[in-house]
Every structure is written in structure tokens, then in C-alpha cells.
Amino acid sequence: MSSTASLLWRFVLVVIAGHAISFADDPPLHLLVDQRLAPVSGIDAPQCSDAEFLRRVSLDLIGMPPGPDEARAFIDDTAPDKRERLIDRLLESVHYPRHMASVLDLMLMERRANTHVSADEWQAWLVKSVRDNKPWNVLARELLSADGEDPATRPAARFMLDRAAESHLLTRDIGRVFFGRDLQCAQCHDHPLVDDYLQADYHGLLAFVAASSLQTLKEGDKEKTVLAEKAGSDASFKSVLMGIPHRTGARLPDGVSVQEPFLLPGEEYKTAPADNVKSVPQFSRRLKLAETATDGSNIAFNENIANRLWAHMFGRGLVHPLDLHHADNPATDPELLRLLAEQFVTMNFDIRAFLKQLAMTKAYQRGFDAPADPLTVAAEAAELAAALSQNLPSAEEQAKQSASEYAALTEAWYAAEAVALPVATEVDTARNQYAEARKKLDEATTALVAAKAGLTAKESAATALQQAVTALEQAAQAIPGDAEITDATKKLTAKLQQAKAEIPGLTKSVEELTAALAAPTEALTNAKPPLDAAVARLAPLNAAVLDAEQKMLVARRRAAVHAGAVRSLQQRLETANLIAQLPVTQQAIVAARQMVADREGDVAAAQQQLSEYAAVVSKAEANASAAAEPVAAAQAVVTAAQGEHNKRVAEASSIAAAFTSADAARQKIPDDAVLTEVAAKLQERKAVAESLTAETQKNVAAALAEQQAVADAVAAVQQELSAVRAERDVRQQAVDSAAESLVAARAEVEARTAEFETSLASLTDRWTKDFTVSSLKPLTPEQMCWTIFKVTGVYDAYWAAEVAELDKSSPLTDEQKQDPAAIAARDIELEQRTFDKLKGNVGTFVTYYGAAAGQPQTDFFATADQALFAANGGSINSWVSPGNTATNRVIQQNDPKLAAEALYLSVLTRLPTEEETADVVNYLAARESDRPVASQELVWALLNSAEFRFNH
């Protein structure tokens, strides 16, 4: 079956599938992990290549890759257990403590400045802790408890000293680093986005460290800053949103308030606060924090470190981001996280053993490439989605009930607290009154003690003077007349008399102060019963609050587990639905592509019909043009005929008018022959003119008739042309409509393809998050530096130089050479000496590749400064220059293919592909005259590749 089916492995968890894989008693952790992450029906997720595994595990466990010879040997090794042997060898390597110290340093201090503890002290302590395989809980306990006074444990105090013991900063960072909870936004009110984070959680954690502060102790002309601690008191706080008062003692995340002994004022300290004195309370909350957090019982502490170590190996946590453990951000597999935490505690917090188990898992050894064809398991995904959908309602109902129970118990806790608060206030008042009475009594006692001391001193002085005077008097009797003895006797006698005179006054003062002691003594005595009574009344109320708090915390944990289970189910259901939907989306793509083909055919057919009709349109347009030609001539004939007719009409009209006038004159003079003749001729002319007018009228009518005939012919042709053009427009509309349908079909293909690609991208992201495939991890700046040193041969050259120096200055004896302990000690010394010689370069890489001090250091980013440093940094260019190992390996290989292998094995811990080999061969062939420079450029190019910056 295709390896792509491995995407289902996260869907078939024991909690859903309802079955488990059987193991022998007490199976190793890596098998338990693989059980949780096992694929169904024997389908296996693709494993990474040997070269990938070698570089990955080397970077994770010792912070640098192997040399090319070691890489070649591992790749060629055919032993089935070679990966486990490699893991063991790396964990026993002299480089493992150094790298894990760097990992812990980043986690704990996030590259903060070394203010009170030097970098060398801090690093030495971390390295020794890792080398000694100090359990994590012990290391954490030392970090939280060390005060910096004892030189042996001072480095551990850096966690708090270099945060200036600032209580709110410590509260946030302790919550983040040790418990996986960033409670900062719960300082002034319950967290606005995370229901699990209460203001009481923040102030409960704050109460552990609020009483700690920096104190500078002077030792001669030297000063040393240490952590001092005052006696703690309950923290009172109000939500800025609700304004309801609350009160809490010191409490861990997911823990109840710490029960502290009640101490009367004046009894709180082993060492009271004073100048140049480190105050030490009878009950140290900070020590209690260190004790209760690390005793193995705090789930948050245990799951946080298991998750962080998992993230170190896998590139992301089961809970991610690492400091946001809560129900709405559940672990990818909540049951697996619980299992890891419990197993880590069972392993006595053994980091080395835990890392080995993680490295041994199949999940850790998976490849980076996502499954190529998830469609092959769509049917199984659909079945699983159906099963998950059936399970989801009951899980949601259970989560709803748990949330309701949690809410009710929270209200009950608040109610119990509200009942206790007034009595707690009474206790505070009575305690303050007792403290004031104690203060006055202490002041009176101090005055009496001082007076008694003065009286005793004066009486002692008088006695001594009396003895001296007596001795002088005896001397004067023995040496009569000695002036010096006589003078001394007089002087001492005067002093004796003066001392005796002062004694009554001092005695009276003592008596008065003794009498005055009665009132504050009585006041203190009287202040005790009200305080005892208030404490007695508060005790059962506090017990009720504690009981309610315990029930609330149990309910909160249960609600978080159930809510996380729901979210986990929902995420798996979403993933299953994504896969199940892929064939539907793919079918939609196929249908859309077919639609595109159909529409392309429609467009082609419509365009063909439009093209074929073009001749008809052309012919109609030609006919219309030809028909339009006689129109002008006909109009000209009409115009000419009309003009002639109008002329004849005008002539006829003039002749008719002349005739009418002549005939009128003739009628008046009938006998006038001339008028008669003229009238007769005009009448003839009138008849001729009328005849001609009638003729031109006929011509006009004929011209008009011809014009109408031409117009009718043109109209007929135009009508035909309009019909042809209308048909052409219909065909054009068909083309346009088909083209629009084609555009829509192509858009549908793009939309469905984008949907498919989005689903695949989402699946790839989900596969990375649920560890179906491995995550690409960027190298830290420290890893970048040491890896460059390693692959260029710089590190090995410095190591060899130190070997030569030690062999010369303090060679091992033959007996020592046979002693594994002596050899190991020599390797430790060599590692330290080599580290000391090269460590100055690390800061440069941190400057360019590290995040700001005090910020999380896990995010990858690329900047122009990094590119400029890599391109122009003189140190990097010198490390890849001819003469260094990696470049020399390329130079010295006469066979260019072997040169390519040497290049890739040295820099990227893998063999090149055929294409990469060809590129190297061609590049070297083109640069044969300056092969050393070309080889240097090839090494430099791989060092600056994207692949080099990640744990491919």
C-alpha cells in the first residue's frame, strides 16, 4: 500500500478506535509512543533516509553534524541496529553536555545578559549538570531555591538574580518556563482569552516570589548580590473588571494553596532583616515552590518539560506554542502528553534516557515530505469521519457537563472565600495589634536591657576602680612619700566616687524601666487571645476554602481534559473530512475541466458559424451598396424635371397673365384689331405653355416614380441587410455567450484547483502538527556557528592542536591510555579547551541570527543583515578558504564526481543528487584553471543555502 496512506495514523488513536496494541510488561517508552502514533492496518509512514537521520539526530543531540568520513561509514553501514548505536554514541559524546547546556540556557535565560553570574560560571554549571545527568527536577529545584550565597550553588541562582528578582517578571517566566503557562494577561483580571488562566493563578504564583529581593552583602572591600527573602503574607487582589476582592496564599498552577505554619509576629525569621544581612524566614515560600514543583506530583510541571523536550527533538511541541497549555490549545494527542509526563517522572526525570527514547521512535525518524497522493485513503477517511462524528456529541456533552461542574465549583470556591475574607481581615487586624504590642514591648525590653547593661558596666567599673584604689593605697603604704602613687590614688579615688555617685541613678532607671515593662507586657498578653480566637475562627473557614479549591482544581483539570479531548476530536474530524472531501473536489475539478472543454467546443462552433456567415453579410452589404448607387441619379432626374416643370409653370403663368390683361383690354375696345390679334396670339401662346407645363408635369411624375422605384429597391436591400446583420449579431452573441461560459468554466477549474491545493496545504500543515511528517527546524545561532566550524574542519583542526599541546605538556601514561576514565577525562579537557578557543565567535552569530534578549528564541527569521554577514563576513570566508578541510577535500579529488560527493558529505551530510553532481562537475570543469577558488566558492554556496540552515 502507498506510504501516503500514513496520513491516517493520527486518526486511529486508542481512545477512538477502542483497541490497543499489546506489549510485554513495561515496554520501553519509544514503543509506547509508537503505539499512540501507529498507523492503521499496517500502513507505515515514510521514514527519513539514513543521511537525513544522521544529520538530524546529530544536530539535536550534540549540536553539530558528523564529519564526512563518519557520514559515509554510517550511510554504508547495513546493520539493523545502527541508528540505536548512533543515538547511544551521541548521548555518550563529550559534545552532548555542551549542546544540552546550550539548549537549557536558551530555555531558561533566553540570552539575557550575565549580570550577577558570569557566562563561564553559568555554562560550567550547566555543562556539569548535564554531564552528571542531573535529573531535571533536581536541576529545576536548584534553580528555584539557590540564593547565590554559597559559591558552590551560586550559578544556579542566575535564573532569579539576572532577572533582578523582579517579582512580576519572575512570575511570568516561572509560569512559562516551568509550567508551560504564560499568565501575564491574568495579572489584573482573569485571562480574557484563556478560560483556564485565572487571576488567582497569577497571584498564587506571584506569592512564591513576591517576598524575594536582591540584597548586596559586603565582605571587606568586595560585594556580592544574593537573594534575600522576607516572611510572606497572603496576597489580596481585585479584578479591574469585576472589583471583587480575593485573597490567595502561594499556589502552583493546578495546585492548592500552600499550607503555611502560623507564626506570631516576631517569630517569622531565622535571620531577621538587617543591614548587610541576608534575611531568612522561618518558612520560605521560594523553597516551598522549589520543593512542591519538582517532587513529581505537579502535572503542569511534568507535562511542560516533557513537551519542551519533545519540541527540542521534533521541532514543535505536542502543545504549541510551548507556553500556552490550556483546554483551547490541547496537545495534538493529550493522552500521549500525559503518558510522556508520567514516564518521565517514572524515569526519575532522566533527560538523557528520555531523549534516547524520543530519538528511537518511528515518529522522530519520519521524513519531511508529505504524502504524495492522499486520495488513496479517502474512503477510509470518510468512514473514520463518520465514526468520529458519532463520538463527538457524547464527548461534547461530557465536556459541557464538566465545564458546568467546574463553573459551579468555582462559584462555590469564591463563596467559601467570601465567607472567610472578613475573618481573615479580623486576623490581620488582630495580628497587626499584636505586632504593634510586640513592637512596643520589644522597644521597652531593649531599653531595659540597655539600662541593665549600663548599670552592670558601671558597677563593674566601680568594682575595678575600688580594687585599683585599694592596690594603690597598699602601694603607698609600702612606698611612703611616692608622689606618683599618691597622685594616681587621688585620681582613681575621684573616679571611683564619681562611678558610685552614678550607680543610684542607673539603678533607679533600671527600676523604672522594669516597672514600665509591665504595661507593654500586659498589652502583648492581652493582644494574644483576640489573635488566637480570630485564628481559631479562620481555621475551619480556611479549611473549607481549601477543600473548595481542591474540588475546583480537580473539576478544572477534568474540564480541561474533556475540552481538550473534544478539540482533539474536532481536529481529527476536520482532517478526516478534508481527506474525504478530496475526491469530491477532484471530481469537481474533472467536471470543471470537462466543462471547459465543452465550452471551448461551443466557442469554436459559434465562431465557425459566425465566420461562415461573414460571406452572407458581405454579399448583403455589397447589394446594399450597389442598390444605393441609382438613388443619386434618380434624385438628379427628379430635380431636373422639377426644375423644368417649374420653369414651364412660371412661363405659362406669365403668358396667362399677359393674355388676361390683353383680353380684358380687347373686351373694352372690341373693335381694336391689334388688341384682338394680340389677344389671339397670347391665347395661342398660353395654350402652348399649358401644353408644355402638362408635359413637364408628366416628366416630373415619371422621375418621381422612377425615384420611388429606386427607393423601394434600396429599402428592400436594406431590409435584407438588416436581417443579415441581425443574424450576424445573434451569432456574435452566441460567440460571446460561449466565451463567457468558457471564462466561467476556467474560473471554476481555478477555484476547484485552489480549493484542492488549499486542502492539501492544510493537510500538510496538519501532518506536520500531528507528526505524520517531520518538521523542519532552523539551526540556532549557536548550532550555526559550531556546525560551520565542524563542516569546514576548523573545529577538528583546533581539537587536533589541543591534542598536540596536551600530548606535549602532560602526556598520558601507558596505564592512563588503557584507562577509560582517564581517556574520558582527557576528552572533557580537550572539549573545554577547544570550546574556550572558539567560543568568542558564537556571540557574532547570536547578534545576527538570535532573537532579542529575554524573548522566546525558537522562531526562524531571515534578514538582510544575515545575508550581508554570510556574504561578506571575513571570518566565514576565511573558514572556507583553501587549506581548510572541506575545501581541500574538493580540491584534492581528481574525479569531479567524487569531488561533488566530498562537498555534499562534508557540508550537508548527504550524497548529492545526479543534478547536483552535474552542476558541480560543470562548475569545476569551467574553472579548472582556478580550481581552489572554485572549490571554496562551492563550499561557501552550500553554507549559505537554505538547506544548511535547517535540520534537513
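Quick notes on the rules
- Residues numbered from 1 in each chain as written.
- Predicted model: local features only at pLDDT ≥ 70, side-chain atom pairs only at ≥ 80, totals over all residues.
- Heavy atoms only, no water.
- Helix = DSSP H or I, 4+ residues; strand = E, 2+ residues; numbered from the N terminus.
- Rg over C-alpha atoms; globule rule 2.2 N^0.38 Å.
- Buried < 20%, exposed > 50% of the residue type's maximum accessible area, 1.4 Å probe, protein only.
- Contact = heavy atoms within 4.5 Å.
- Areas by Shrake-Rupley, 256 points an atom, 1.4 Å probe, with all protein chains shown as cover.
- Lys, Arg positive; Asp, Glu negative; His and termini not counted.
- Charge placed at Lys NZ, Arg CZ, Asp CG, Glu CD.
- Patch = residues over 30% accessible without salt bridge, like charges linked within 9 Å, V, L, I, M, F, W, Y side chains within 5 Å.
- Salt bridge = Lys/Arg side-chain N within 4 Å of Asp/Glu carboxyl O.
- Pairing = 2+ DSSP bridges.
- pLDDT = per-residue confidence, 0-100.
- Phe/Tyr/Trp six-rings, centres within 6.5 Å; stacked < 30°, edge-to-face > 60°.
- Lys NZ or Arg CZ within 6 Å of the ring centre and 35° of its normal.

Chemist: I'm lost on the overall build of the protein chain in this one. Help?
Modeler: Scanning the protein chain from terminus to terminus reveals 30 helices and six strands. Rg of the C-alpha trace for the protein chain: 52 Å, well past the compact-globule value of 30 Å for 952 residues, more than 25% over. For the protein chain, the spread of C-alpha atoms along the three principal axes comes to 220 × 90 × 70 Å. Put simply, the protein chain has 952 residues, and 44% of those count as buried. Counting only contacts in the protein chain whose residues sit at least 6 apart along the sequence, the fraction spanning at least 24 positions is 77%. By element, 55% of the accessible surface of the protein chain is carried by carbon and sulfur atoms, the whole surface being about 45800 Å². Side-chain charges of the protein chain comprise 93 positive and 130 negative groups, with the mean position of each set lying 4 Å from the other.

Chemist: Would you take a moment to explain the environment of Gly-601 for this structure?
Modeler: As for its placement among the helices and strands, Gly-601 is situated in helix 18 (residues 518-668). The spacing of Gly-601 and Leu-742 is 141 residues in sequence and 9.4 Å in space, taken between C-alpha atoms.

Chemist: Help me understand a nonpolar patch on the surface in this model?
Modeler: On the surface, Leu-241, Met-242 and Ile-244 cluster together into a nonpolar patch covering about 350 Å² of accessible area. Along the chain, Met-242 turns up in the loop between strand 3 (235-238) and strand 4 (245-248).

Chemist: Can you help me understand the pairing of strand 1 (residues 212-219) in this one?
Modeler: Within a regular strand, side chains alternate between the sheet's two faces. By the bridge criterion, eight bridges tie strand 1 to strand 2 (residues 222-229) in an arrangement that is antiparallel. Among the inter-strand pairings, Leu-214 is bridged to a residue of strand 2, identified as Leu-227. Between strand 1 and strand 2, which pair antiparallel and follow one another directly, the connecting turn spans two residues, one of which, Gly-220, has a positive phi of 70°.

Chemist: Would you mind showing me how to read the confidence of the model for the protein chain here?
Modeler: Low-pLDDT stretches of the model should not have their predicted coordinates read in fine detail. Model confidence for the protein chain is summarised by a mean pLDDT of 88, while 96% of its residues fall at 70 or above. Mean pLDDT across the elements of the protein chain ranges from a minimum in helix 1 (residues 14-17), with 32, to a maximum in helix 15 (residues 351-360), with 98. Overall, residues 1-24 carries pLDDT values under 50, and its contacts beyond four positions in sequence, including any with other chains, amount to 69 contacts.

Chemist: Where do I start with the packing of aromatic side chains in this structure?
Modeler: Working definition: an aromatic ring pair is given by the centre-to-centre distance plus the angle between the planes. Within this structure, the stated rule accounts for 24 aromatic pairs. Judged by centre distance (5.3 Å) and plane angle (70°), the ring pair of Phe-344 and Phe-349 falls under edge-to-face. Here the two residues Phe-344 and Phe-349 agree in accessibility, since each one is buried. Taking the centre distance of 5.6 Å and the plane angle of 25° together, the rings of Trp-786 and Phe-835 count as stacked. In this pair, Trp-786 sits in helix 20 (residues 781-792) while Phe-835 sits in helix 23 (residues 820-838), placing the two residues 49 residues apart along the sequence. A relative accessible area of 12% places Phe-835 in the buried class. These aromatic residues form a ring-pair network of at least three members: Trp-786, Phe-789, Tyr-795, Trp-799, Phe-835, Phe-845, Tyr-848, Tyr-849, Phe-869 and Trp-879. Here the basic side chain of Arg-98 rests over the ring of Phe-835, its NZ or CZ set 3.7 Å away from the ring centre. Cation over ring: Arg-163 sits above Phe-159, and NZ or CZ is 4.0 Å from the ring centre.

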